[in-house]
Amino acid sequence: MRGAWLIFRRETAHYWSSPFAYLIAAAVLLLTGILFNRDLATSVGTQAANPALVPMILSFMMIFFAPLLTMRLLAEERREGTLELLLTAPVSDSSIVIGKFAGAWFYYTTLLLLTLVYQLILVSITQPDLGHTAAGYIGIWLYGGATLAVGVFFSSLTENQIVAAFLSMVTLMILWLGDNIGSVVSSVEVARVVRSLTLQGHFSTSFAAGLVRGEDAVFFVGIIAVMLFATIRVVESNRWR
């Protein structure tokens, strides 16, 4: 695991030294802040503010931000020829992939922690259900990890960062929109099966509603594991070219 730790440190340092990473952080905080403020202003005197609002906002935003955070991870290495150097270094393929994914997830986790300031504001004004809030944040943390794993996989397939980001966004959009399959499919059984394979299907009715269900957590962990395994196989195939 020493190799994965070294890759993780390298990727973390790159994120916090990149202006692009700070722009993404600013965009995330700005958009969540605007929507949080609007919900808070609307709820005054009418209804309780949604304690899982920020996680719900992020569940849609990660369709676009996850590809932006991961598109360069392996695509840039391939384009610049440094992937071959990594493959000849005393670092395993799994360490390369896990280290890069962990760096992206750590950056995302940091952003998620920064949004807790909105919860502090909510606590100072009202008395929100903190259990509901905790469930929402646990869910969106796992949800974000799953979207980042999808992005890392597509970044390993091409040396073009734009192509990697586009393929990731399309895939994540399909996984997000599948939650609405019931409105276009007449078969209840088919709709239930499709919905069970979507991101929102395992977030909107559980974590976002204040429930922590084991099967939903396993779903997101499963996506992470499958995507990272597939990425390792793709990276491994470069050794034989």
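Note that this is a predicted model, so its numbers are computed, not measured.

1. Structural notes on the nonpolar core
Counting 63 residues, the largest nonpolar core has Phe101, Tyr107, Tyr143, Leu148, Leu199 and Phe220 as its most contacted members. Filtering out sequence-adjacent residues up to four positions away, Leu148 remains in contact with Met62, Ala66, Leu69, Thr70, Phe101, Ala104, Trp105 and Tyr108.

2. Re the environment of Gly145
Locating Gly145 in the fold gives a position in helix H8 (residues 130-155). Residues Gly145 and Thr109, 36 residues apart in the sequence, show an inter-C-alpha distance of 9.1 Å. Once you skip the residues sitting within four places of it in the chain, Gly145 turns out to touch Phe101, Trp105 and Ile224.

3. Side note on the packing of H8 against helix H11 (residues 214-237)
At a minimum axis separation of 8 Å, H8 and H11 run at an interaxial angle of 20°. Relative to H11, the element H8 is oriented roughly parallel. Here H8 runs over H11; the crossing is left-handed. On H11, the residues that touch Leu142, Tyr143, Gly145, Ala146, Ala149, Val150, Val152 and Phe153 of H8 are Ala217, Phe220, Val221, Ile223, Ile224, Met227, Ala230, Thr231 and Val234. Of the residues contributing to the contact of H8 with H11, the split by class is 15 nonpolar, 2 polar and no charged.

4. Concerning the environment of Thr70
Residue position: Thr70 is located in helix H3 (residues 53-70). Overall, the relative accessible area of 0% leaves Thr70 in the buried class. Remark: the alpha-carbon pair of Thr70 and Thr147, spanning 77 residues in sequence, is separated by 9.6 Å. Contact partners of Thr70, with chain neighbours within four places excluded, come to Ala104, Leu148, Gly151, Val152 and Ser155.

5. Observations concerning the confidence of the model for the protein chain
For the protein chain, the mean per-residue pLDDT works out to 86, and 91% of the residues sit at or above 70. The weakest mean pLDDT in the protein chain belongs to helix H10 (residues 188-195) at 68; the strongest belongs to H8 at 94.

6. Thoughts on the pattern of salt bridges
Here the structure, examined in full by the defined rule, presents 9 salt bridges. Residues joined by salt bridges that share partners form a network here, namely Arg10, Glu11, Arg72, Glu76, Glu77 and Lys100.

How each quantity is defined
- Numbering of residues starts from 1 in each chain and follows the order in which that chain's sequence is written.
- For a predicted model such as this one, the threshold for reporting local features is a pLDDT of at least 70, and the threshold for listing and counting side-chain atom pairs is 80 or more; totals across whole chains, interfaces and linings nevertheless cover every residue.
- The basis for the side-chain values is all heavy atoms of the structure; hydrogens and waters are excluded.
- Working definition of a nonpolar core: buried Ala, Val, Leu, Ile, Met, Phe, Trp, Tyr and Cys residues. They are joined through side-chain atoms within 4.5 Å.
- Burial classes: relative accessible area under 20% of the type maximum marks a residue as buried, over 50% as exposed, and values in between as partly exposed (1.4 Å probe, protein chains only).
- Whether two residues are in contact is decided by their heavy atoms, any of which lying within 4.5 Å being enough.
- Secondary structure elements are taken from DSSP: a helix is a run of H or I of four residues or more, a strand is a run of E of two residues or more, and numbering for both begins at the N terminus.
- Axes here mean lines fitted to C-alpha atoms, for a helix over just the part in contact, with angles spanning 0 to 180 degrees between N-to-C directions.
- Orientation categories follow fixed angle ranges, with anything under 35 degrees roughly parallel, anything over 145 roughly antiparallel, 65 to 115 roughly perpendicular, and all other angles oblique.
- Here is the rule for handedness: rotate from the far helix to the near one, and if that takes an anticlockwise turn smaller than a right angle the crossing is left-handed, while a clockwise turn gives right-handed.
- Residue type decides the class: Asp, Glu, Lys and Arg count as charged, Ala, Val, Leu, Ile, Met, Phe, Trp, Tyr, Cys and Pro as nonpolar, and the leftover types, Gly among them, as polar.
- Per-residue confidence from the prediction method is given by pLDDT, with values spanning 0 to 100.
- Should a side-chain nitrogen of Lys or Arg be within 4 Å of a carboxyl oxygen of Asp or Glu, the pair is scored as a salt bridge.

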